[in-house]
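# Structural overview
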Amino acid sequence: MAIPYPHFIATAKAALDAGLHAPSSSAMLSQDDLKKIAAYKAVEYVESGMVLGLGTGSTARHAVDRIGELLRQGKLKDIIGIPTSKKTHEQALSLGIPLSDLDAHPVVDLAIDGADEVDPFLNLVKGRGGSLLREKMVEGACKKFVVIVDESKLVNFLGGSGLAMPVEVIQFCWSFTAARLQKLFQDAGCVAKLRVGEKDEPFVTDNGNYIVDLYFERSIGDLKAASDAILQLAGVVEHGMFLDMATTVIVAGELGLTVKNK
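The rules behind each value
- Residues numbered from 1 in each chain as written.
- Predicted model: local features only at pLDDT ≥ 70, side-chain atom pairs only at ≥ 80, totals over all residues.
- Heavy atoms only, no water.
- Helix = DSSP H or I, 4+ residues; strand = E, 2+ residues; numbered from the N terminus.
- Buried < 20%, exposed > 50% of the residue type's maximum accessible area, 1.4 Å probe, protein only.
- Contact = heavy atoms within 4.5 Å.
- Areas by Shrake-Rupley, 256 points an atom, 1.4 Å probe, with all protein chains shown as cover.
- Expected span 1.5 Å × (residues − 1).
- Axes fitted to C-alpha atoms, helices over the stretch in contact; angles between N-to-C directions.
- Parallel < 35°, antiparallel > 145°, perpendicular 65-115°, else oblique.
- Left-handed = near helix turned anticlockwise from the far one by under 90°.
- Pairing = 2+ DSSP bridges.
- Phe/Tyr/Trp six-rings, centres within 6.5 Å; stacked < 30°, edge-to-face > 60°.
- Lys NZ or Arg CZ within 6 Å of the ring centre and 35° of its normal.
- Nonpolar A, V, L, I, M, F, W, Y, C, P; charged D, E, K, R; others polar.

A tally of regular secondary structure across the protein chain gives eight helices and 13 strands. Expressed as a percentage of its 262 residues, the buried residues of the protein chain come to 50%. Relative to all contacts within the protein chain whose residues are 6 or more apart in sequence, the contacts with residues 24 or more apart total 74%. As presented, the protein chain carries roughly 12400 Å² of accessible surface, and 53% of it is formed by carbon and sulfur atoms.

Over its 13 residues, helix α3 (residues 31–43) runs 19 Å from end to end, which matches the ideal 18 Å to within 8%, given 1.5 Å per residue. Of all the 13 residues making up α3, 10 are buried; the element is thus mostly covered by neighbouring parts of the structure. Those residues of α3 not exposed but buried are L34, K35, K36, I37, A38, A39, Y40, K41, A42 and V43.

Axis separation between helix α4 (residues 58–72) and helix α5 (residues 86–94) bottoms out at 9 Å; the angle between their running directions is 25°. Between α4 and α5, the interaxial angle falls into the category roughly parallel. The two elements α4 and α5 meet at a crossing, and its hand is right-handed. Contacts between α4 and α5 involve R61, V64 and D65 from the first element and T88, Q91 and A92 from the second.

Let us now look at the sheet that holds strand β8 (residues 191–194). Adjacent strands of a sheet form backbone hydrogen bonds with each other and so pair up, either parallel or antiparallel. With antiparallel pairing, four strands are arranged side by side in an open sheet as β8-β9-β7-β10. Looking at which strands have only one partner, the edges of the open sheet turn out to be β8 and β10 (236–239). The average undirected angle you get between the axes of adjacent strands in this sheet is 30°. With four bridges connecting them, β8 and strand β9 (residues 210–215) associate as antiparallel partners. Within the sheet, the bridge partner assigned to A192 lies in β9 and is L214. Packed on one face of the sheet, helix α8 (residues 223–231) meets β7 (165–169) and β10 and runs near 155° to β10.

This paragraph deals with the packing of aromatic side chains. For the structure on display, the rule yields one aromatic pair. Here the guanidinium or amino end of K136 rests over the ring plane of F242, the centre of that ring lying 4.8 Å away. Taking the ring centre of Y215 as reference, the NZ or CZ of K193 above it sits at 5.4 Å.

Take the packing of α3 against α4 next. Running from amino to carboxyl end, α3 crosses α4 at an angle of 45°, the nearest separation of the two axes being 8 Å. Relative to α4, α3 is oriented oblique. Like other packed secondary-structure pairs, α3 and α4 cross with a definite hand, here right-handed. Side by side, α3 and α4 meet where D32, K35, K36, A39, Y40 and V43 of the first sit next to S58, T59, R61, H62, A63, R66, I67, E69 and L70 of the second. Class assignment of the residues belonging to the contact of α3 with α4 gives a composition of six nonpolar, three polar and six charged.

Let's shift gears to the sheet that holds strand β11 (residues 241–242). The sheet built from three strands is open, its strands ordered β4-β5-β11 with antiparallel pairing. Both edges of this open sheet fall to β4 (117–118) and β11, since each of them pairs with a single strand only. By the bridge criterion, two bridges tie strand β5 (residues 124–125) to β11 in an arrangement that is antiparallel. When the bridges of β11 are listed, V125 appears paired with M241.

Located in the positive-phi region is L122, a residue other than glycine, with phi close to 65°. Summarising the element assignment, L122 is placed in the loop between β4 and β5. A positive phi is found at D244, a non-glycine position, where the angle reads about 55°. One can find D244 in the loop between β11 and β12 (248–253). When its relative accessible area of 60% is taken as the criterion, D244 is described as exposed.

As structure tokens, this is what we get:
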């Protein structure tokens, strides 16, 4: 059952803190409002002294902003952040969040990040922002992984949105790798496309690699088998399926917040 927003934004002061107002019949929340509400709820899991994985993307950005705000207010102390991208690194630095890496802190207490898709078993598709490798490294090292989404990200099966499931590949002979990926999932009606960025140039990840986006017409079936098959292809670095990693998913919808635990 969803938690109505007035239970979360219970007072005028809390609403102002979040920069939002409780929804009414005459005022619908935007998708970014929903992301912000989910992000603020996720930050309630943060405690002083934690090593935090800081996610990447439009939803995670709200959580990082909130952590920085609570540090400035003195409500959080002794936080160490481990960013999952160069963009998040820059954001956290601008907010005064102390940063480190997995070499110095191989165990992460909590990670907060968004997702592009969430299936009924809390498996995820991530990486449409291009940071899937570093996200998977950091979030795979955490004790608790809280995922924040709006309800548009819920799907019946991974790939069910019809949008991209990213695969990070090395630049060398990327077209050859893309063709093998497409053939691997031909029964699912897969189409593999190189991701392009500005000026129609190939998108390059923080790690100097390309991304091949896979689009499916049908379910790819056994996710673990699909994961193993992708990773066995030479030239593949990592894929955007995050299987059995999320411990909590916070979903913001028009009727309120839903918290799903593994």
